[in-house]
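What the coordinates show
Here's the letter readout for the chains.
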Amino acid sequence: MEQKVLQELEESSEKFFARIGKLRSRAEKAALQSALTKFSKSTLARLHEAILQQTIAATNLLQESSSSHAGCDDSRPSLKECCSSHEDSAEGTDKSFSDGFMILRGCAMLLQFCLTTTQGSCNPSTLSCSSEILLPSLLRMHDSLVVLEADSKLQDSIAGLCELWWHNGLEGKQSLISQSLPFLLNKSLDSGRKADVKRVYGLREALTLFDFQDESIEDLKRLLIKVVITPSYLRVTEGCRFIAFLFSLSEQLVKELIVIVKSQIPFSRRSILEAYGEILYKAWKTATEGCLHEIEHSGIQSLIECALYAALKELSAAVRIVLDGFVSKRTEKGVEAMLFRLHEPLLFRALQVANSNVRRNALLLLVDVFPLQDPDACKEEKEAMLEKQFNLFEKLLLDVSPEVRSVAVEGVCRILRLFWEIVPSSAAVKYLSKLVEDMAWDLSSPTVRLAVLQGLVYLLENPLSHAVLRPLLPKLARLLKDADLRVRVAAVDFLLAIKGIRALPFHKAAQLESLLVLLATDHSSVATRITRLLMPSYFPSNIQVQDACLRCLALVKRNPEAGAQFCRYALSEGASPSSLMELIGVFCNVIISSTVDGTETQEGVLGALGAVCHSMVTEEKLKSAMGEVLTGDVLIALLEWAPSADARSKIMRIASISSPKTDVSKLVKYCKQVVMERSSTPGTGFQEVRAVHALVLLWGGFDDLLQALIVSLQSSTAEPSLRPLVMPSSSNTKRGKRNKHEKKGMPISSQQENLSSTVTSDQSVHDCTIFESAWQVENLLAEDKTRKAILESPSSQELFSCLRKAAKAVFDNPMAGIGNPTMVHTPIAAYTKLSLYLALEQDGELSRPAEERSQTVMEELMEWTMHMMEKFSSALENAPIASPSKRKNKSKAKSKNSVASNTRAHQQEPLAELPSNTSQSMMYKALRTFKIITSVIKLMADAVALGLIKTPLLQKRLASFAADSTSWSLVNASSFLDDKSSEKEMESCIQATATHAAKLTYLFAKSGVMGMGSVIAHSLLNALSAQKSNIQKTSSCNPGSIPAAIICRPLIQQWLPDLLIAVASEVDTKESKLTLQAFQPWISQLASEAYQSLDASSDQNTNSISENSLEDDLILGDSRTIASEEAKLGCSDAHFLTTIVGLLHRGDVRVLKGFVQLFIEFVRAALDNHEYRNVAGALDLVCSKLLLCRLPLGRRPSVSFGITMVEDLEAIIDGISLALQSALDKELCQKLESTKQLVSMILVENSL
């Protein structure tokens, strides 16, 4: 090998080094390095000489090539292309340029082999001699690092040689740093590799060779500053040490580095902040003289000041994390003295400033550095400083700021936890008594009460505190009933913390009954923690499962609601599924065997059973296991026991989630009985029916259920003339009551037979099938899963058609459902809701056919409802309503004739058999009609909310229908409000009508449909402005009756802002001037009320309206209270006016401007019609109460008038002047003159 090398060197050294540079495999490199160890000194000397020669030649070639092509980017390939030519053989590259890189690679490789071989020698003289020979070659490569930027591997090899030279301490190492160190820094910043960071850290001492005052190293300084904010350095121990070393190089560099660190604190994560704290501590520990002074005053003390005066809590907390790098090392020599020296001038002053935020920050800092004292001070000085800090804590516990108090509580608990030994025992008892007896009762701030509990939990970690806390535990029991949820959660967490401490039994801090009440009624976050607290007592895992189940049963008997919640969260709090399965079996046996006393206790056990089952439905394995325990026979046995519809619905819910696998035939039969044969009404059995629906869907029989409902609807509407749609007022088959055959313990089959005979014999029950079926469809649409099943079913269109026929039949038959109007709307609601859901079937996107169908449904409903209203109006004219006294006498006579009839009043015969002209029949018809109208308006509001009504024509028709039907209901309902038998239901119905109509107005305004909502708004405002004359008129026709509009007044007032917006939005859409008859009655009513308020005693009051009075006027009371008061007093004339004025003042100025424009047009129309009292009242309303009113705090409405409005006001002044010339009474002339002056003032202000 040696001879071959010499021969190649003699023949062509360039080819030799180029061949060496192309070596890639580790084996070839290892062989070459091993051969060099066997070379003779003369051969090595020849090789070293050749390395130097080729290095000089190659670097010269690269430098000349680089300089000759400078500024000519397109005349030659890039350096990277030249570098990669030996690998890719790319055409068009400069061969000599590429050979230069190959030669340098070979030289660098041989130089590394020679250096490492010599390094391994034990003879120092040999190493020194070799370094002298190799240094010129390496120095030449080092100086050419910038030129070699195209070949990063070659650069890295040369930098590695310089690094190796430095670590060996060879002669001339200082000359190999100026280029290699910046290269390694740059590489570590780009790559972010831990190995590169360690290489830079190994050369840290080389930085002392640089003069940081020299401007020539600005590039290096920028790299060093960039290092401080680079995460790869901050995450590595060597990187943090390197940054700390930078703080000892130069005072000016230290200042710049501190500025950089401060700028990063607000945005850095906790790990980065902790790294900065560690860096500053290491820098402070190793720095000397000027650098140390800069670190302490420009760095540490500046950070202390920032932590004290930071406006943001987050920033102060971040700075304290950095300072914790020193606080955590306070036991190290000199650290505590430094902390005292830097904190003392700032901290104690900040604790007493007026700014509560600064006091809070200072208190947090004091807690971190406690005890703050000078280690070199005498004992008396230390005790005095400690006493000063105790006094500050005691003072801050009574601070006016809740935040400061809460921090003081946490700080005191932390100090007692960590420094119990140095705190005097009397002070410790005093602090804890203060916390438990005073701070825990701080009613002004739940944060303070929460801090007490959290601090005590932290203090429990110190066993020395348990003896002092034991007598204080009962005083904390009240916090379990705190109004704030966070405090209650913390109170239960405190109980969990003391549960495992023998010296602190948790029942001393809370009575069991209180815990059970919380478990039954409180939030889930509280209930889960109480369950965890009681698990070892009522369902322990270290005893037999049967015994644990009996303990849980005892809890259920003691408090059924708490027991149910305990069972609900037992699985999540560690109970095993197998033990819960055993518990399910125990509960079932207890219910079926009636081993507990009282039906109420059995229902409590049933609730606990349902809670256990619902907690286990998340896993399929547990559901399957429940199905094996809760078989069909077990569920049937539970149903036979069930004393109420609520209990049966719970059992069916359990069946729907447990999926019984065996003995389900009877259960299926029972489900069919519930769905098809039993009469159900809302509030009595709908939960049971919904549970049955879910069970049928689970078993896959949902299509059969739909077909059965369709058949039922078809049979009920097949011959309407022969089959009157009548609902009985009551039935033996009603779900809420058990008939005489449904006795406890009777087999289900017997119940079914008795029920079948009842259904067959009672034709009226068969007649109500249409309502039952429609009601069940409505319930199916109310649940997500069943609704989805209907929409996906192929029978949905057929069901839709049947519901349409049923709804039409209800509208056509005036006697349909008069015995129980509660369900008379169900066919209409089911039909409309199904149409809406079908319209939105495609993932909420409305298709054109679906949109047209929904619009057709709305048009049909409006047409049918209007026809029904016309028929009822005709019937009402032909059958006058009897007075209350006559009805009362008639009722008494009926009672005398038959005592038995009084006991069966609620089970009278169907009202279809009553004469159509009786007052009772008319009352039922009226209630039925109003129920249907309410349902239709509600359904229309839902359609508008879903965006299904898009055509302007249909929107206009819908708005007109809502306005007309609402007005019709309010007018006609007044005749029936004196009937005590249906008074509440009638009031509820008309109030719902008005509410849904007002909601429709809001929806139109929200969707940007201008002018549509104003039609409804005018109708409701007319109802709201009911006058005394209307009351008297109604009372004369029907003594003791109350207008329906007054009953609805409080509800309409809630929507009054939306009504005013709708009216104001309509004003701009009017193009022509209107006559006086075109204005709504409520506008004339407002003008009349304003005219009546025009007197000398009220002039001053109208110009200054109290904001509190406006709020008081808007307080909405009970409808019957307001109605009764207004019936006695006639009405409150100022109430409606003041409410409108108050809302306009607080609302948007555009609404105010719209109303001003509306009343100005009204004034012009009134002038033309010579209605001068309305002129005076309307102008006073506009000018005195709206525009010139002085609101609190000197506010005034700011309304700018356009040219048209100014012209209208000027025309009004001219009209008033002409009116004053006519023969008018003196009082009216004075008021007109006054209003004329007000208008002139408005025009003057507008011109300014």
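Residues numbered from 1 in each chain as written. Predicted model: local features only at pLDDT ≥ 70, side-chain atom pairs only at ≥ 80, totals over all residues. Heavy atoms only, no water.

**Quick word on the overall build of the protein**
In terms of helices and strands, the protein carries 62 helices and 0 strands. For the protein, contacts bridging at least 24 residues in sequence account for 77% of all contacts bridging at least 6. (Helix = DSSP H or I, 4+ residues; strand = E, 2+ residues; numbered from the N terminus. Contact = heavy atoms within 4.5 Å.)

**Re the nonpolar core**
One recurring pattern in soluble globular proteins is that nonpolar side chains are buried together. Counting 344 residues, the largest nonpolar core has Leu207, Phe242, Phe247, Phe539, Ile584, Phe587 and Leu609 as the members making the most contacts within it. Broken down by element, this core gets its largest block of residues, 15 residues, from helix H47 (residues 919-945). Dropping the residues within four chain positions of it, Phe587 is found in contact with Cys552, Leu553, Val556, Cys567, Val605, Ala608, Leu609 and Val612. Counting 32 residues, the second largest nonpolar core, distinct from the first, contains Ile51, Phe101, Cys114 and Trp165. (Core = buried A, V, L, I, M, F, W, Y, C linked by side-chain atoms within 4.5 Å. Buried < 20%, exposed > 50% of the residue type's maximum accessible area, 1.4 Å probe, protein only.)

**Comments concerning the pattern of salt bridges**
With the rule as written, the count across this model stands at 35 salt bridges. Linking Lys221 and Glu256 is a salt bridge whose minimum nitrogen-to-oxygen distance equals 3.7 Å. Remark: Glu256 occurs in helix H14 (residues 251-264) and Lys221 occurs in helix H11 (residues 218-228); sequence separation between them is 35 residues. Looking at Lys221, the relative accessible area reads 6%, which means it is buried. Its salt-bridge partner being Lys282, residue Glu278 comes within 3.9 Å of it at the nearest N-O pair. (Salt bridge = Lys/Arg side-chain N within 4 Å of Asp/Glu carboxyl O.)

**Points about a nonpolar patch on the surface**
Taken together, Val668, Leu698 and Trp699 make up a surface patch of nonpolar side chains, about 240 Å² in accessible area. When you line up the elements, Val668 lands in helix H35 (residues 665-677). (Patch = residues over 30% accessible without salt bridge, like charges linked within 9 Å, V, L, I, M, F, W, Y side chains within 5 Å. Areas by Shrake-Rupley, 256 points an atom, 1.4 Å probe, with all protein chains shown as cover.)

**Thoughts on the packing of aromatic side chains**
Overall, the coordinates contain 15 aromatic pairs when judged by the stated rule. Where Phe872 meets Phe930, the ring centres are 6.3 Å apart and the plane angle is 65°; that geometry is what we call edge-to-face. Here the residue Phe872 occupies a position in helix H44 (residues 848-878), and Phe930 occupies one in helix H47, the gap between them amounting to 58 residues. Taken individually, Phe872 and Phe930 each receive the classification buried, so the pair is uniform in this respect. Positioned above the aromatic ring of Tyr281, the side-chain terminus of Lys329 is 5.3 Å from the ring centre. (Phe/Tyr/Trp six-rings, centres within 6.5 Å; stacked < 30°, edge-to-face > 60°. Lys NZ or Arg CZ within 6 Å of the ring centre and 35° of its normal.)

**A short note on the packing of helix H42 (residues 796-812) against helix H43 (residues 826-839)**
Across the interface, H42 lies against H43 with an axial gap of 8 Å and an inter-helix angle of 145°. The way H42 lies across H43 gives a crossing that is left-handed. Note on element contacts: H43 touches H42 through Pro827, Ile828, Ala830, Tyr831, Leu834, Ser835 and Leu838, opposite Ser796, Gln797, Leu799, Phe800, Leu803, Arg804, Ala806, Ala807, Val810 and Phe811. Of the residues contributing to the contact of H42 with H43, the split by class is 13 nonpolar, 3 polar and 1 charged. (Axes fitted to C-alpha atoms, helices over the stretch in contact; angles between N-to-C directions. Left-handed = near helix turned anticlockwise from the far one by under 90°. Nonpolar A, V, L, I, M, F, W, Y, C, P; charged D, E, K, R; others polar.)

**Description of helix H15 (residues 270-286)**
Here H15 contains 17 residues, and its C-alpha end-to-end distance of 25 Å stays within 8% of the 24 Å for a straight helix at 1.5 Å per residue. For H15, the full list of buried residues reads Ile272, Leu273, Ala275, Tyr276, Gly277, Ile279, Leu280, Tyr281, Ala283 and Trp284. (Expected span 1.5 Å × (residues − 1).)

**Section: the environment of Asp151**
In this structure, Asp151 sits in the loop between helix H7 (124-143) and helix H8 (152-167). Distance from Asp151 to Arg105, taken between C-alpha atoms, is 9.7 Å for residues 46 residues apart in sequence.

**A look at unusual backbone geometry**
Note that the residue after Phe370, namely Pro371, is joined by a cis bond; omega there is -5°. Structurally, Pro371 is set in the loop between helix H19 (356-369) and helix H20 (379-396). Within the chain, Glu289 stands out as a residue other than glycine whose phi angle is a positive 50°. Tracing the chain through its elements places Glu289 in helix H16 (residues 289-309). A positive phi is found at His1170, a non-glycine position, where the angle reads about 60°.

**As for H19**
Residues three or four positions apart in an α-helix share a direction because the helix packs 3.6 residues into each turn. For H19, which comprises 14 residues, the first-to-last C-alpha distance of 20 Å matches the rise-based estimate of 20 Å (1.5 Å per residue) to within 8%. H19 sits mainly inside the fold: 12 of its 14 residues count as buried. Those residues of H19 not exposed but buried are Asn357, Val358, Arg359, Arg360, Asn361, Ala362, Leu363, Leu364, Leu365, Leu366, Val367 and Val369. Taken together, the buried residues of H19 touch H16, helix H17 (313-327), helix H18 (335-350), H20 and helix H21 (402-418). Of the residues flanking the start of H19, the one acting as N-cap is Asn355, its side-chain oxygen 2.8 Å from the backbone nitrogen of Asn357. (Polar contact = N/O pair within 3.5 Å; in protein donor to acceptor, adjacent residues only side chain to side chain.)

**A few points about the side chain of Thr1235**
Counting through the fold element by element, Thr1235 comes out in helix H62 (residues 1226-1247). Residue classification places Thr1235 among the buried positions, given a relative accessible area of 1%. Those residues in contact with Thr1235 that lie beyond four places of it in its chain are Ala1176, Leu1179, Asp1180 and Ile1216.

**Some details on the packing of helix H33 (residues 632-641) against helix H34 (residues 645-658)**
Orientation of H33 relative to H34, taken along the N-to-C sense of each, is 170°, at an axis distance of 9 Å. What the angle tells us is that H33 and H34 run roughly antiparallel. Two secondary-structure elements touch here, H33 through Leu635, Leu638, Leu639 and Trp641 and H34 through Ala647, Arg648, Ile651, Met652 and Ala655. Its residues assigned to classes, the contact of H33 with H34 shows 8 nonpolar, no polar and 1 charged. (Parallel < 35°, antiparallel > 145°, perpendicular 65-115°, else oblique.)

**Concerning the environment of Gly192**
As for its placement among the helices and strands, Gly192 is situated in the loop between helix H9 (180-191) and helix H10 (194-202). Gly192 sits 39 residues away from Pro231 along the chain, and the two C-alpha atoms are 8.1 Å apart. Leave out the neighbours within four places in its chain, and Gly192 touches Lys187 and Ser232.

**Structural notes on the environment of Thr528**
With respect to the helices and strands, Thr528 occurs in helix H27 (residues 524-538). Given the relative accessible area of 16%, Thr528 is considered buried. For Thr528 and Ser572, which are 44 residues apart along the polypeptide, the C-alpha to C-alpha distance reads 8.3 Å.

**Points about the confidence of the model for the protein**
When pLDDT is averaged along the protein, the result is 75, and 74% of the positions lie at 70 or above. Across residues 71-93, confidence stays below pLDDT 50; counting only partners more than four residues off in sequence or on other chains, it has 28 contacts. Within the model, pLDDT remains below 50 along residues 881-917, and this stretch shows 36 contacts once partners closer than five positions in the same chain are excluded. (pLDDT = per-residue confidence, 0-100.)

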